[in-house]
Amino acid sequence: MDTGSEKTGGAAGGNGEGEDYDVVLLVEQELTDTDARQVRSLHEGLDVGVTYHVLLPMTDAAAAVEASLGAMGGTPMMAPTEMVDPGEIAELREEYHEQAEEELTGSIAALTKAGATIGSQTVVEGSPIDALIDAVKRVDGREAIILTRPHLVAEFFHLDWTHRARRKLGVPVLHLLEHETFDEQAGGGEGIEIL
């Protein structure tokens, strides 16, 4: 669901005066005020206006049900499609969509408070990387920033987002950890990854 404006201009043709520098943010969870200030600080020296387009993926309801069934383990089970009520998945999907909308709204509020200009804002229901690639093309984005949770499992899994985006986009891709300052990221061994 795209709740922002459909922006197609961007900085096509260079960085002339009056043209925006469009940045697409793929965020895994709601941004804090610190996250938003750090993102804004990355673009303080630019002589053009910066517009942020925010994508927040929704949790996959079917995958969550399958994972919970797999975690039960120990007993032979029928295939998940035979055991899971489709109504339960639909209800869970609606719950996850509402949660994602709330987190997106909170992220937009944090960015706005930090002085950011917001373009489009989208809850992603499919592949986050496909949505990122589509958004960069749609707004003629100049860079992409991927913000993920800092814990190890998420870092291992979602670092793949950054590598996949890098292979498919012709713009710089920056990977940051949410809810950590730049100093915390650098000190924890994870660091900031610019690809």
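Computed from a predicted structure; not experimentally measured. (Residues numbered from 1 in each chain as written. Predicted model: local features only at pLDDT ≥ 70, side-chain atom pairs only at ≥ 80, totals over all residues. Heavy atoms only, no water.)

Kindly report on the nonpolar core, identifying the contributing residues and their values.
Note on soluble globular proteins: their nonpolar side chains tend to be buried together. Formed by 26 residues in total, the largest nonpolar core has its most connected members in Leu-25, Val-39, Leu-111, Ile-145 and Leu-147. Elements supplying a minimum of two residues to this core: β1 (21-27), α1 (33-41), β2 (50-57), α4 (86-113), β4 (143-148) and β5 (173-177). The greatest single-element share of this core, amounting to seven residues, is contributed by α4. Formed by 16 residues, the second largest nonpolar core is a distinct cluster that contains Val-124, Ile-129, Val-139 and Val-171. (Core = buried A, V, L, I, M, F, W, Y, C linked by side-chain atoms within 4.5 Å. Buried < 20%, exposed > 50% of the residue type's maximum accessible area, 1.4 Å probe, protein only. Helix = DSSP H or I, 4+ residues; strand = E, 2+ residues; numbered from the N terminus.)

Talk me through the packing of α1 against α4; I want residue IDs and the actual numbers.
Where α1 contacts α4, the two axes come as close as 8 Å, and the packing angle between them is 55°. Relative to α4, the element α1 is oriented oblique. The handedness of the crossing between α1 and α4 comes out as right-handed. Contacts from Asp-33, Ala-36 and Val-39 in α1 reach Ala-110, Leu-111 and Lys-113 in α4. (Axes fitted to C-alpha atoms, helices over the stretch in contact; angles between N-to-C directions. Parallel < 35°, antiparallel > 145°, perpendicular 65-115°, else oblique. Left-handed = near helix turned anticlockwise from the far one by under 90°. Contact = heavy atoms within 4.5 Å.)

Describe the pairing of β1, with residues and values.
The buried fraction of β1 is high, at seven of seven residues. Of the pairings in the sheet, the one linking β1 to β2 comprises six bridges and is parallel in character. When the bridges of β2 are listed, Leu-26 appears paired with Leu-55. The handedness of the β1 to β2 crossover, carried by α1, is right-handed. As paired strands, β1 and β4 are joined by five bridges and run parallel to one another. Directly across from Val-24, in β4, lies its bridge partner Ala-144. (Pairing = 2+ DSSP bridges. Right-handed = clockwise from strand over helix to strand, strands pointing away.)

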